[in-house]
Amino acid sequence: MIYKMLPKINKFEPQVFARIDDDGKCRLTCTAQYPEFQAHIKAGAELQDVDGNVMTDASAYIATLP
């Protein structure tokens, strides 16, 4: 499973992430405050930016979000 950042519609909305399961389907979207998301990122789950590039230090990025 991976998490992918979804594009923002406006700069005032929170960043939303999609969980992409091993079969390629999205079954969950969440913000950075979702405990399961935080646990997976801390455990080393892959996080992709909006363009599909893998973020090298996802934990540090997540720590900067409100």
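Here, the structure is the one placed above.
Source: prediction; values computed, not measured. (Residues numbered from 1 in each chain as written. Predicted model: local features only at pLDDT ≥ 70, side-chain atom pairs only at ≥ 80, totals over all residues. Heavy atoms only, no water.)

A.B. asks: Lay out the environment of Val16 with the relevant residues and their values.
C.D. replies: By the secondary structure assignment, Val16 is in the loop between β1 (2-5) and β2 (17-20). Remark: the alpha-carbon pair of Val16 and Cys30, spanning 14 residues in sequence, is separated by 5.5 Å. (Helix = DSSP H or I, 4+ residues; strand = E, 2+ residues; numbered from the N terminus.)

A.B. asks: I'd like to hear about the pattern of salt bridges, residue by residue, with values.
C.D. replies: Tallied over the entire structure, the rule returns four salt bridges. Put simply, Glu36 and Arg19 hold a salt bridge, and the shortest N to O gap is 3.1 Å. One end of the pair, Glu36, is in helix α1 (residues 35-42); the other, Arg19, is in strand β2, and 17 residues separate them in sequence. Glu36 gets classed as partly exposed once you look at its relative accessible area, which sits at 29%. When the shortest N-O distance is used, the salt bridge between Arg27 and Asp21 registers 3.0 Å. Overall, the relative accessible area of 48% leaves Arg27 in the partly exposed class. For Asp21, a relative accessible area of 17% translates into the label buried. A single network of salt bridges, built from pairs that share partners, joins Arg19, Asp21, Asp23, Arg27 and Glu36. (Salt bridge = Lys/Arg side-chain N within 4 Å of Asp/Glu carboxyl O. Buried < 20%, exposed > 50% of the residue type's maximum accessible area, 1.4 Å probe, protein only.)

A.B. asks: Tell me about the state of the cysteines, and name the residues and values.
C.D. replies: Here is the idea: a disulfide is a covalent bond, and it sits between the sulfur atoms of two cysteines. Using the criterion set out here, one finds zero disulfides in the structure. The thiol of Cys26 is unpaired, and the distance to the nearest cysteine sulfur, on Cys30, comes to 9.2 Å. Classification of Cys26 as partly exposed rests on a relative accessible area of 42%. Taking relative accessible area as the criterion, Cys30 reaches 8% and is therefore assigned buried. (Disulfide = S-S within 2.5 Å.)

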